[in-house]
Amino acid sequence: MQERIRKLHHNRIFALVFWLIVVFAAIVTLPNVNTIIQYDGQPQLANTSQPVKATQIQNTWGRNLNGTYTVNAVFNNPNGALTNKQLAAVNKTVSNLQKRSSYYGIQKITTMTNTPTSQPQLLSKDKSTEIVQLAVSHNQGTVRQITSQLTSQISTLGLQTYVTSPEIVSDAANEHISSFTLIVILMTLLIALVAMGILFASIIAPIITFLAILISYISTLSLATNLAYHWNFAYSEYTPIFLLLGISLFTLLTSFWFFRELRNHVDDGMESQEATSQVIQDLGYRILISTLSLTLAFGSLMLFDFSTIRAYGLLGIGFAITGIASVTLIPVFSGMLGTSLFWPKKTRPKLKDHKLWHSLARFGLWQPWIAILVVLYLVGPFAYSYRNQLNYDNSTDIPNNQAVQGARVLSAHFGQGKATPLTLYIQTNKRLDNQNQLFQLDNLTKKLRAQPGVAAVTSVTQPGGQPITEYYASSQLSSLTNELTGVVGQLGTVRNDLKSDSVNLKQKTLKAEIKRLQQLSTQTTSLVSDSTSLQSSLQAAQTKSSAASTSSTSKKVTRYINQLNAVNSQLNSAISTLSTLSSDVSTTNTDATTAHTNLNNYAETIKAVNTSLNDSRKQVISTQKSLNKMYLYLSGLQSSEAAKALYLSPTQITSGNFQQSLTNFTDEKVKSTYLTITLKKAPNANDTAKTLTQLKQVAAAQLRGTVLEGSTLTFSGQPATTATIQNQFQHDLPRILLMVFGITLLLLIIFSRSVLQATYWFLTFLASTAASYQLTHLFMKWLTGNGDFNWQVPLLAFVPVTVLAVVELTQLALSYRLNDAPLLDWLLPGINEVGQTMRHSLFIIIAGVLGLLVAESQTLTAVTLITIMTAIIFNLTLPIMAASFGKLSVIIPAQKPHQFHAPHRRKRQRRADRPMKSAKSSKADAKPTETDESTKSKQD
């Protein structure tokens, strides 16, 4: 039994069983990678960041808006302005959507119809595009599901319709990355298989390498995905890709070393298990220090707070697993298969010396300063001119997506920032439905709109993005001055009427009429007296006439009597008439007396009225002068800056339109509000973070010293998220480079036991990387018209170029350390020895990143170009710089200061230095002085 166990251990069967168990467990427990990318792919912002704080305010908003996000349903007529028929069709679509709002999780719909004051923000200036804003609950389903449902629901005949929002665009970006992740993985594995087949002219060796890559990758990916799924560990949308990139490149390089050494030992007649053990012994230290360097360098990224950077720390685990697999899994198959591993071409091909590094090193040894200047002249300008030109737009690579197209339509018709507005939340402990608070909010709105980079601002007092005229003192003063002008005019009319009335009263004429009436009364009295006398005479005559008629009877007398009777009759009639006249005159006299009395009284009244009219006229004149002064003051006030202030009367605050605005822009308690800020540029602009910082400073300064001082101010929206990512990334990127490259350099110094030489090599790598970044920028700008890299390009490219540096510099450091010859003796043969694998390493690096090109992604294309250019530039400059700086580190310390007072000493010094300038010196024939100095420099 022990013998069987020993045999199994000798054949490394336990290692194979261990890896089979690991990969089986990894496959069984592997969550859905696409789901993890969808939910956890975007950067996770800290709880102290502004977007997260804003989300917390929004989640307690009330009005059925807790836990919702805004979606824009876009209706566009590509042929011009929307017709009445099309507007009616949009309203019908919205009505149908309203009926099914509960099914789609829609908590609120904002349109031009139900919110007329917001029309400027919902209808483009060219009238071709209308926006309907939907508040959709997060609990309704995934963003992808809701988008799919709403896209079909808002479809309107004759119009182009889109459903878009920053969340939908981000999800579309994740979906696009997920769609090509599997293709990139398969293509990378296929290219790795082909590359190893080409290098070894074999079928079995590539399959073994493929299995090693696959097992290491699945194990690491399962671990990373489970950490994200169960423990909310940092995860990036590019995690599957950068894990594959690092693991495949490192496995290819270690497999190449392993198979090359194994073939040498097997062809020399060693048994397969013995040869495998010998290879592990020979390469174990090299693989160990490479694994340790990469594990520590990338594992240190877990110390960062930024989730995307912390996600790259998983590479440390991946490299550790890969290193262990390289020395435990590959030996299982190599020990079993032996020479069959290289089937069908089992004989070792004749290797030819690679002369490139030898020639470049000789050039550096021949004239170190000239070689350094040549390298600096060719590479330096590109390295020096490198600028961190990054964009933070995750929609650049998304092809033919309706959400991205909708965002572009909004940008074209409303402005670049319309699709990604910035929201400023203000939370206070005071109600915001009164003049004092609203006044300050309106001032803040106007202040923010005046800032550079801001296109529009909407708020509770300006829901349409423009001031509402009747809410401002200037408009109210205009109405007041107009009314005042009318009042002054009316007072002028009254003044004139009073003067006219005073004139029309004619008090003197009235007095003359009274005198005439008095004379008439006197004449009437005399007439009454005369009438009485006449009446008495007539009555006496009548009496005499009657007596005569009774006493005389002659005919003559009779005739006279008849005449007297006639006269008597007439006298009676006259008396009767006179009596009536006397009565009338008496009455008239009474009336005239009464009229005279009344006229006397009326004259006194008229006199009092006239006096009152004069007094009233004087008061009207005084009032008119006062009103004129008020008019002049109000007219001046109307044209002043003070009149531009908001003033909402209680009646206006309780009006229907303003109450609707309060409902739209404040929370349920009316103690929180928001301002929507539309920027002039898209949120990926380089100055977005600067603009956001400026806006926050302006907002805080504007509210300082007001009733809203001390309110919580926080920004949300895609610009705020982008600015947060930008600030965090720009803050952490130098620290990342310092930490990873610092750890790599430190380990390189430890392994090589040389500070100067390791530093020179590493600086050459940094210059090569910087130059490749700039060259890629120029090439991408020429190819696509946009040379700005996605902000994740530096991180993604960071993986393969670091693997390249660690692998090649570790090999050079070990060659330098394990050589006992002086530095000058080691330079040419040592660099030449390392250079024999340069073409293979270069081929592996280039082949390992070519699989990224199948994604047709600008981000991955840039990573591919940076890696290839860095590999080429580094492999051309490293031998030159290593040889040049190596020689200079020996000959410069060996030179002594000139002794001007002792010429003979200068001659001896020149004779002593002459052998040191030869690049062909060796340990055997070197002079003692040269050997001592070389040995001293070796231990720098």
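Parameters at a glance
- Residues numbered from 1 in each chain as written.
- Predicted model: local features only at pLDDT ≥ 70, side-chain atom pairs only at ≥ 80, totals over all residues.
- Heavy atoms only, no water.
- Helix = DSSP H or I, 4+ residues; strand = E, 2+ residues; numbered from the N terminus.
- Buried < 20%, exposed > 50% of the residue type's maximum accessible area, 1.4 Å probe, protein only.
- Contact = heavy atoms within 4.5 Å.
- Salt bridge = Lys/Arg side-chain N within 4 Å of Asp/Glu carboxyl O.
- Phe/Tyr/Trp six-rings, centres within 6.5 Å; stacked < 30°, edge-to-face > 60°.
- Lys NZ or Arg CZ within 6 Å of the ring centre and 35° of its normal.
- Pairing = 2+ DSSP bridges.
- Axes fitted to C-alpha atoms, helices over the stretch in contact; angles between N-to-C directions.
- Patch = residues over 30% accessible without salt bridge, like charges linked within 9 Å, V, L, I, M, F, W, Y side chains within 5 Å.
- Areas by Shrake-Rupley, 256 points an atom, 1.4 Å probe, with all protein chains shown as cover.
- Core = buried A, V, L, I, M, F, W, Y, C linked by side-chain atoms within 4.5 Å.
- Polar contact = N/O pair within 3.5 Å; in protein donor to acceptor, adjacent residues only side chain to side chain.
- Expected span 1.5 Å × (residues − 1).
- Arc of directions from axis to C-beta.
- Left-handed = near helix turned anticlockwise from the far one by under 90°.
- Nonpolar A, V, L, I, M, F, W, Y, C, P; charged D, E, K, R; others polar.
- Parallel < 35°, antiparallel > 145°, perpendicular 65-115°, else oblique.
- pLDDT = per-residue confidence, 0-100.

Points about the overall build of the protein
- Assigned secondary structure in the protein consists of 33 helices and 10 strands.
- A total of 940 residues make up the protein; the buried ones form 50% of that total.
- Within the protein, contacts between residues separated by at least 24 positions form 82% of all contacts whose residues are at least 6 apart in sequence.

Focus on the environment of glutamine 730
- Counting through the fold element by element, glutamine 730 comes out in helix H26 (residues 718–752).
- As for glutamine 730 and tryptophan 791, which are separated by 61 residues in sequence, their C-alpha atoms are 9.6 Å apart.

Considering the pattern of salt bridges
- Scanning the entire structure with this criterion turns up 6 salt bridges.
- Residues arginine 431 and aspartate 433 are paired through a salt bridge, measuring 2.8 Å at the closest nitrogen-oxygen approach.
- A network of salt bridges, in which partner residues are shared, links Arg144, Asp171 and Glu175.

Focus on the packing of aromatic side chains
- Taken as a whole, this structure holds 29 aromatic pairs when the rule is applied.
- Measuring from centroid to centroid gives 5.4 Å for phenylalanine 18 and tryptophan 19, while their planes differ by 70°, and the two rings are edge-to-face.
- Note on tryptophan 19: relative accessible area 4%, which makes it buried.
- A centroid spacing of 5.8 Å and a plane angle of 80° characterise the contact between tryptophan 61 and tyrosine 425, whose relative ring orientation is edge-to-face. Taken as a pair, tryptophan 61 in the loop between helix H4 (50–58) and strand E1 (68–76) and tyrosine 425 in strand E6 (residues 422–427) lie far apart in primary sequence, 364 residues in all. The same class applies to tryptophan 61 as to tyrosine 425, namely buried.
- Positioned above the aromatic ring of tyrosine 103 is the side chain of arginine 100, whose terminal nitrogen or guanidinium carbon lies 4.8 Å from the ring centre.

Observations regarding the sheet that holds strand E9 (residues 712–716)
- One open sheet holds the 4 strands; their spatial order is E7-E8-E6-E9, and the pairing between them is antiparallel. Two strands close off the open sheet at either side, each with one partner strand: strand E7 (454–458) and E9. Taking each pair of neighbouring strands and ignoring which way they run, the sheet shows an average axis angle of 20°.
- Across the sheet, H4 touches E6, strand E8 (672–679) and E9, and the angle it forms with E9 is around 105°.

Details of the pairing of E9
- Burial of E9 is extensive: 4 of the 5 residues sit out of reach of the surface.
- Bridging between E6 and E9 involves 5 bridges; their strand directions are antiparallel. Within E9, the residue paired with threonine 423 across the bridge is serine 716.

What about a nonpolar patch on the surface?
- Residues Leu190, Val194, Ile198 and Phe843 make up a contiguous nonpolar surface patch of about 350 Å² in total accessible area.
- Structurally, phenylalanine 843 can be placed in helix H30 (residues 838–850).
- In this structure phenylalanine 843 comes out as partly exposed when scored by relative accessible area, which is 30%.

Focus: the nonpolar core
- In terms of nonpolar packing, the biggest core is built from 130 residues, with Phe259, Phe729, Trp761 and Leu860 touching the most fellow members.
- In this view, phenylalanine 729 contacts Phe306, Ile309, Leu390, Tyr392, Trp791 and Leu795; residues no more than four positions away in its chain are not counted.

Examining the side chain of glutamine 792
- Mapped onto the elements of the fold, glutamine 792 is located in the loop between strand E10 (789–790) and helix H28 (793–818).
- Of the residues examined, glutamine 792 reaches a relative accessible area of 1% and is grouped as buried.
- Within polar-contact distance, the side chain of glutamine 792 engages the side chain of glutamate 237 at 3.0 Å.
- Excluding anything up to four places from it in sequence, glutamine 792 contacts Ser236, Glu237, Tyr238, Thr308 and Tyr312.

Description of helix H5 (residues 84–99)
- Taking 1.5 Å per residue as the helical rise, H5 with its 16 residues ought to reach 22 Å, and the 23 Å between its terminal C-alpha atoms agrees with that figure.
- Taken residue by residue, H5 has Gln86, Val90, Thr93, Val94 and Leu97 as its buried positions. The arc that holds every buried residue of H5, seen down its axis, measures 95°, which confines them to one face. Exposed positions of H5 whose direction lies more than 90 degrees from the buried face are Asn84, Lys85, Lys92 and Lys99.
- Buried-residue contacts for H5 involve E1, helix H6 (101–104), strand E2 (106–110), strand E3 (129–137) and helix H8 (143–153).

Topic: the environment of alanine 228
- Tracing the sequence through the fold places alanine 228 in helix H10 (residues 204–231).
- With relative accessibility at 4%, the residue alanine 228 sits in the buried group.
- Separated by 188 residues in sequence, alanine 228 and aspartate 40 place their C-alpha atoms 7.5 Å apart.
- Leaving out residues up to four positions away in the same chain, alanine 228 has contacts with Ile36, Asp40, Phe233 and Tyr235.

Considering the sheet that holds strand E4 (residues 160–164)
- With respect to topology, 4 strands assemble into an open sheet ordered E2-E3-E1-E4, the strand pairing being antiparallel. Both edges of this open sheet fall to E2 and E4, since each of them pairs with a single strand only. Going from strand to strand, the sheet's axes swing by 20° on average, the running direction of each strand aside.
- With 4 bridges connecting them, E2 and E3 associate as antiparallel partners. For lysine 108, the partnering residue across the bridge sits in E3 and is alanine 135.
- Each of E1, E3 and E4 touches helix H18 (residues 402–414); the most contacted strand, E4, lies at about 105° to it.

Some details on the packing of helix H19 (residues 435–449) against helix H25 (residues 688–703)
- It is at 10 Å that the axes of H19 and H25 come closest, and there the two elements cross at 150°. Judged by the sense of rotation from one axis to the other, the crossing of H19 with H25 is right-handed. Seen from H19, the contacting residues are Asn443, Leu444, Lys447 and Leu448; seen from H25, they are Leu695, Val698, Ala699, Gln702 and Leu703.
- Its residues assigned to classes, the contact of H19 with H25 shows 6 nonpolar, 2 polar and 1 charged.

Brief notes about the packing of helix H27 (residues 755–784) against H28
- One way to put it is that H27 packs onto H28 with a least axis distance of 11 Å and a crossing angle of 150°. When the interaxial angle is binned, H27 and H28 end up roughly antiparallel. For H27 against H28, the interelement crossing comes out right-handed. When H27 is examined against H28, the residues Gln757, Trp761, Phe762, Phe765 and Tyr773 are found in contact with a partner set consisting of Val793, Pro794, Ala797, Phe798, Val801, Ala805, Leu809, Leu812, Ala813 and Tyr816.

Section: H19
- Along its 15 residues, H19 runs 21 Å from first to last C-alpha, staying within 8% of the 21 Å computed at 1.5 Å per residue.
- In terms of residue burial, H19 counts as a mostly covered element, since 11 of its 15 residues are buried.
- The secondary structure elements touched by the buried residues of H19 are E6, E7, helix H23 (650–653), helix H24 (656–665), E8 and H25.
- Capping the start of H19, asparagine 434 holds a side-chain oxygen 3.3 Å from the backbone nitrogen of asparagine 436, two or three residues further along.

Topic: the confidence of the model for the protein
- Mean pLDDT over the protein works out to 80, with 75% of the residues at or above the 70 mark.
- Looking across the protein, the model is least confident in helix H33 (residues 928–938), with a mean pLDDT of 41, and most confident in E4, with 93.
- Counting contacts from residues 7–11, a segment whose pLDDT is below 50, to residues more than four positions away or on other chains yields 7 contacts.

With respect to the environment of leucine 662
- Positionally, leucine 662 belongs in helix H24.
- Judged by its relative accessible area of 5%, leucine 662 is buried.
- On a C-alpha basis, the gap between leucine 662 and leucine 432 in space is 8.8 Å, while along the polypeptide they are 230 residues apart.

Regarding the side chain of threonine 322
- Inspection of the secondary structure puts threonine 322 in helix H14 (residues 314–328).
- Under the relative-accessibility criterion, threonine 322 is labelled buried at 0%.
- For threonine 322, the contacting residues outside a window of four places in its chain are Ser216, Ile247, Phe250 and Thr251.

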